[in-house]
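# A look at the structure
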Amino acid sequence: MEPDNCDRHDILLTRRQVEARCCLSTSSIYRFMRDGLFPEPIRVGRRAVRWHATEIEEWLASRPRATGDLSSA
């Protein structure tokens, strides 16, 4: 059974695409994954993984946003 948040027609993103969308390095992505703070990829080959675009978008939406208030700095 598929997880509720995964659509069969969901786009699969490469690591480079995830890095670009999230503005994170490879090491940061894998560190967040190790700490349980980032979506896990799916294996699509012996040496290839992909992330569901919807899971990455949900992760980005859950991140805190900067307020732009620099007066307290």
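On a predicted model such as this, the values are computed, not experimentally measured, just so you know. (Residues numbered from 1 in each chain as written. Predicted model: local features only at pLDDT ≥ 70, side-chain atom pairs only at ≥ 80, totals over all residues. Heavy atoms only, no water.)

### Here's the deal with the sheet that holds strand 1 (residues 12-13)
Convention followed: Here a strand pair is declared whenever DSSP counts at least two bridges between the two strands. The way it works is that DSSP assigns letters per residue, a run of H or I at least four long becomes a helix, a run of E at least two long becomes a strand, and they are numbered from the N terminus. Residues count as neighbours in contact if any of their non-hydrogen atoms are within 4.5 Å of one another. Helix axes are fitted only over the stretch in contact, all axes being lines through C-alpha atoms; the angle between N-to-C directions runs from 0 to 180 degrees.
If you trace the three strands from one edge of the open sheet to the other, you get 1-3-2, paired in antiparallel fashion. Each edge of the sheet is formed by a strand with only one pairing partner; in this case those strands are strand 1 and strand 2 (42-45). Where strand 1 meets strand 3 (residues 48-52), two bridges bridge the pair, whose relative direction is antiparallel. The partner of L13 across the bridge, within strand 3, is W51. Contacting strand 1 and strand 3, helix 3 (residues 53-62) runs over the sheet at an angle of about 60° to strand 3.

### Some thoughts on the nonpolar core
We apply this condition: Only buried residues count toward a nonpolar core, which is a set of Ala, Val, Leu, Ile, Met, Phe, Trp, Tyr and Cys residues joined through side-chain atoms within 4.5 Å. When accessible area is computed with a 1.4 Å probe and restricted to protein chains, residues below 20% of their type maximum are described as buried, those above 50% as exposed, and intermediate ones as partly exposed.
In terms of nonpolar packing, the biggest core is built from 13 residues, with V18, C22, L24, I29, F38, W51 and I56 touching the most fellow members. At the level of secondary structure, the elements contributing two or more residues to this core comprise helix 1 (15-22), helix 2 (26-34), strand 3 and helix 3.

### Here's the deal with helix 1
Note the cut-off: This arc describes the spread of directions from the helix axis toward the C-beta atoms.
If you check which residues of helix 1 are buried, you get V18, E19 and C22. Buried residues along helix 1 cover an arc of 100° about the axis, so they all sit on one side. Exposed residues on helix 1 whose side chains face more than 90 degrees from its buried face are R16 and A20. Looking at the buried positions of helix 1, the neighbouring elements they touch are strand 1, helix 2, strand 3 and helix 3. Looking one or two residues past helix 1, C23 carries a phi angle of roughly 55°, positive in sign.

### A look at unusual backbone geometry
Non-glycine residue C23 carries a positive phi angle of around 55°. For C23, a relative accessible area of 69% gives the class exposed.

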